[in-house]
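Chain by chain, the residues run as shown.
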Amino acid sequence: MSVYDTLAERGFIEQVTDEALIRDMLARHAVTCYIGFDPTATSLHIGSLVPIMSLVHMQREGHRPIALVGGGTALIGDPSGKSEMRRILTRDEIDTNAGAIKQQLARYLDFNDEKALLLNNADWLTELNYIEFLRDIGRHFSVNRMLSAESYRMRMETGLNFIEFNYMLLQSYDFYYLNKHYGCTFQMGGNDQWGNIVAGIDLTRRLEETRVYGITFPLLTTAQGHKMGKTEKGTVWLDAALTSPYDYFQYWINTEDADVERFLALFTFLPMEEIRVVRTLVDAELNMAKSVLAFEATKITHDEEAALSAWKASAAAFNLRPVDSKLFPSSAIPRRALTGDRSAITTINKSRKELEKGIAAFELFEEVGLCSSRGEARRLIAQGGAYANGSTIGRFDDIIGIGQLDDYGEIRLRKGKKSYVIIKIVE
RNA sequence: GGAGGGGUUCCCGAGCGGCCAAAGGGAGCAGACUGUAAAUCUGCCGGCGAAGCCUACGGAGGUUCGAAUCCUCCCCCCUCCA
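Novice: What exactly am I supposed to notice about the overall build of chain A here?
Specialist: Counting its regular elements, chain A contains 20 helices and 15 strands. When burial is assessed residue by residue, chain A has 49% of its 427 residues classed as buried. In chain A, the share of contacts with a sequence separation of at least 24, taken over all contacts with a separation of at least 6, comes to 74%. Put simply, chain A shows about 20,100 Å² of open surface, and 47% of that area lies on carbon and sulfur atoms.

Now the structure itself:
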């Protein structure tokens, strides 16, 4: 069984250039493969998790992944899948982002001894000479064919800028370049990258007379058709500083029923035989499967300690039932209740003096970040969605202070059913 | 370069002198129901501790008691012509 079968079985594959040849190639020898990552922010988010996991699977089976940070292509902006031209970032912004993303990817992939490579296409793209590029590369592209690509066709409606039109050539050049210099023969990417991948394959064949391959991943939405990785707190980032491991855990545990099996296959390394059991689970047991998904996913992106502490906090807050020992035997998730530990929940320190004085509830909710404005906090309280230590806050200007401290010296603030912040007294 | 159409709150999209913090939908938040799910129903959905004020309809000016709405210039996008 080759990685190809693993990827296929786990739901990673949408389109393939040549299934038989790819399966054979991956089974026969170590392959160098690549995926591009856009440095458009200082952190990747859940949307990049499918590509990342696929690279991890490749590495686990002895292949060599290249994570290509698109520092050069980001200067252009990929129009694929976008209905509008996006903001073009400055060189500095891109360099900062590229650096941050490199660090982040190192949590998933082993870059020691060149077992995986991190490259930035700015290194070669910015060296290109326009006239030479047109003569050597541009002549291999048919405008007619490019216009028939799905990614460009949809933009014919709203308008396509020339700078974006060149994106396909640059990504194609990347593939050619990686093939020539690193022996890379396999490109993977989201399904919106299909046109770019195929163009790169054509270009490499014309220039090098080498056959290279590609696959695309399905573009993931939830069973409801919502984009993944968006919550009331905004994007779910992979960086613990932007999205805490606890919030990350919560994102996964809130997965819709219909997505649990699919997500376990994509976002954990648990064996498929254990995952397939999910389709027989209902009610409480299905929620256990969500715990396992959240635990395993958090463990991969953060670490086991963070996953455990998020699990404990979540279990304490939601009276989570421990996962049955017969389910998911490969998972290291705890099988029995552990003492309540809420340390993973966002905690804000307050001095005794501040608490003695007390703070109006609507100001406090805004201050600790549960609400984005005092007005929002007032509305929340008016609608009965604000709680202190489990009881509803009646008036927007009720004073929260020293009197509400519990035995642990804490006040638990809650918004709705799921969002908590703990106020802790510091002497 | 010429002619026409357009840029509205997170997104789509109506409004085209006061009744506009701006219809409708989506997204989001809360409540009810539940299983920290989905679906459904209800309420909310720019900021400021009331009234009221401030900020917002591409940008800058102007007309008017009053401008998202009218005028001038500028920027950007689309369509057709060149």
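Structure's up, so let's keep going.
Novice: Can you walk me through the nonpolar core in this structure?
Specialist: Burial of nonpolar side chains together is a common tendency in soluble globular proteins. In terms of nonpolar packing, the biggest core is built from 70 residues, with I52, F186, M188, W252, L264 and F267 touching the most fellow members. Of the residues forming this core, the biggest block, nine residues, is contributed by helix α16 (residues 283-301). Here L264 is in contact with R10, L270, I275, V278, A289, V292, L293 and F328, once residues within four sequence places are set aside. Within the second largest apolar cluster, 30 residues are counted, among which are F133, M146, F165 and I201.

Novice: Explain the sheet that holds strand β1 (residues 15-16) here, please?
Specialist: Backbone-to-backbone hydrogen bonds pair the strands of a sheet. The strands run either parallel or antiparallel. Sheet architecture is open: six strands sit in the order β1-β6-β5-β2-β3-β4, paired in mixed fashion. Each edge of the sheet is formed by a strand with only one pairing partner; in this case those strands are β1 and β4 (117-120). As paired strands, strand β2 (residues 32-37) and strand β5 (residues 184-190) are joined by three bridges and run parallel to one another. Its bridge partner being in β5, Y34 is matched across the sheet by Q187. Contacting β1, β5 and β6 (213-217), helix α2 (residues 19-28) crosses the sheet at an angle of about 100° to β6. In the packing of helix α4 (residues 91-105) onto the sheet, contacts are made with β2, β3 (64-69) and β4, and the angle to β3 comes to roughly 155°.

Novice: Can you walk me through the protein's contact with RNA strand B in this structure?
Specialist: Neighbouring residues of RNA strand B: 37 residues in total, closest N254, S314, S373, R379 and D397. Within 4 Å of the protein, the contacting atoms of RNA strand B are 72% sugar and phosphate, with bases supplying the remainder. A distance of 3.0 Å separates a base nitrogen of RNA strand B from a polar side-chain atom of K290. Between RNA strand B and the protein, one listed contact pairs a base oxygen with a side-chain N or O atom of S314 at 2.3 Å. Of all the elements in the fold, those that place two or more residues in the surface near RNA strand B are α9 (155-158), α13 (245-253), α16, α17 (304-318) and α20 (374-382). No other element matches α20, which puts five residues into the surface near RNA strand B. Here the residues of the surface near RNA strand B are counted per class, giving nine nonpolar, 15 polar and 13 charged.

Basis of the calculations
Chains are numbered independently. Their residues run from 1 in the order of the written sequence. All chains are assigned letters beginning at A, and all ligands numbers beginning at 1, according to the order in which they are written. Residue-level local features of this predicted model are given only where pLDDT is at least 70; pairs of side-chain atoms are given and counted only at 80 or more, and the full residue set underlies all totals for whole chains, interfaces and linings. As a convention, hydrogens and water are excluded, and side-chain values are obtained from all of the structure's heavy atoms. Secondary structure counts use DSSP, requiring at least four H or I residues in a row for a helix and at least two E residues in a row for a strand, with both numbered from the N terminus. Only protein chains enter the accessibility calculation, which uses a 1.4 Å probe; a residue is then buried when its area is under 20% of its type maximum, exposed when over 50%, and partly exposed in between. Residues are treated as being in contact if the distance between any of their heavy atoms lies within 4.5 Å. Each accessible area is a Shrake-Rupley estimate made with a 1.4 Å probe; only the visible protein chains count as cover when residues are assessed. To define a nonpolar core, start from buried Ala, Val, Leu, Ile, Met, Phe, Trp, Tyr and Cys residues and group those joined through side-chain atoms within 4.5 Å. When DSSP finds two or more bridges between a pair of strands, those strands are recorded as paired. Note on geometry: axes are C-alpha line fits, over the in-contact stretch for helices, and angles between N-to-C directions span 0 to 180 degrees. Any residue with a non-hydrogen atom lying within 4 Å of a molecule or strand is treated as near it. Polar contacts, as used here, are pairs of N or O atoms within 3.5 Å; protein pairs need one atom able to donate a hydrogen and one able to accept it. Residues neighboring in sequence count only if both atoms are side-chain atoms. The nonpolar class holds Ala, Val, Leu, Ile, Met, Phe, Trp, Tyr, Cys and Pro. Asp, Glu, Lys and Arg form the charged class, and all remaining residues, Gly among them, are polar.

As far as function goes, none of this settles anything; it's purely spatial.
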